Amino acid sequence: MPKLSNSIRPLLVLAALAAVALPASGCGATSADPERGRTLFVQNCGVCHAMAQAGTTAQIGPNLDDAFAAAREAGENGDTIEGVVKDQVENPRPSNANPAVSMPAEIVSGQDLEDVAAYVGLYAGVPGAAPPTVPGGPGAQVFANNGCGGCHTLAAAGSGGVTGPNLDEILTPGDDAASIEEMIVDPNAEIVKGFPANVMPANYGQTLSAKELEQLIQYLIDSTSAGGGN
């Protein structure tokens, strides 16, 4: 028998876990919201995990498409994968590829975990899965891919999030590209009145490429009164 590569072993382990989790996954009845789960995944999980439908490319933890593709090929369904995700989040283990790396405990919990698990169960390892295409150009796509609309209202994006400030209101002609970049990569540098600190992820400077950051900033300038655009 050929020797298993290091990249294959974790996938087989996940497939085995999926089989074990099947009885616990129930009949699939859930009140979870996969769309909300996508936003939460991008914000909390995408900093470590690659997943095509989420548009995330981080390589600190396992690539979830690679990991769960093996389980899907073995006949496991989304409900089973959902159960595995819940177990792994509630009982994080060191990475097979890097034992020094372990997922933080309770990175999401309660309804947030239900939504994230449902999202991963729906899309991880699905051939051809990709971020939903949105109109408005590459910057609009970056905004959508990173779940910005889940927290912010922006008329151009059709989003109505209220966790963070309304971008149509806070971005004004005095906000140029440099100031908007600071808002994105260092969100706690200046806290908008009425909103708490440490709500917006502070790692977009690492998770976004320089090109994506540039596209996002230009999109926000073009879509609001920032830079005198509107």
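A few points on the structure.

Rules behind the numbers
Residues numbered from 1 in each chain as written. Predicted model: local features only at pLDDT ≥ 70, side-chain atom pairs only at ≥ 80, totals over all residues. Heavy atoms only, no water. Helix = DSSP H or I, 4+ residues; strand = E, 2+ residues; numbered from the N terminus. Buried < 20%, exposed > 50% of the residue type's maximum accessible area, 1.4 Å probe, protein only. Axes fitted to C-alpha atoms, helices over the stretch in contact; angles between N-to-C directions. Parallel < 35°, antiparallel > 145°, perpendicular 65-115°, else oblique. Contact = heavy atoms within 4.5 Å. Nonpolar A, V, L, I, M, F, W, Y, C, P; charged D, E, K, R; others polar.

### Looking at unusual backbone geometry
Not every positive phi belongs to a glycine, and E106 is a case in point at roughly 55°. Mapping E106 onto the fold places it in the loop between helix 4 (78–90) and helix 5 (110–123). With relative accessibility at 66%, the residue E106 sits in the exposed group. Unusually for a residue other than glycine, N198 sits at a positive phi of about 60°. By the secondary structure assignment, N198 is in the loop between helix 8 (177–185) and helix 9 (204–207). Overall, the relative accessible area of 63% leaves N198 in the exposed class.

### Notes on the packing of helix 3 (residues 64–73) against helix 5
Between helix 3 and helix 5, the least distance of the axes is 10 Å, while the angle of their chain directions is 65°. Here helix 5 runs roughly perpendicular to helix 3, going by the angle between their axes. Each of L64, D65, F68 and R72 in helix 3 lies in contact with helix 5, whose residues at this interface are V120, G121, L122 and Y123. Of the residues contributing to the contact of helix 3 with helix 5, the split by class is five nonpolar, one polar and two charged.

Function cannot be read off these values alone, since they describe shape.
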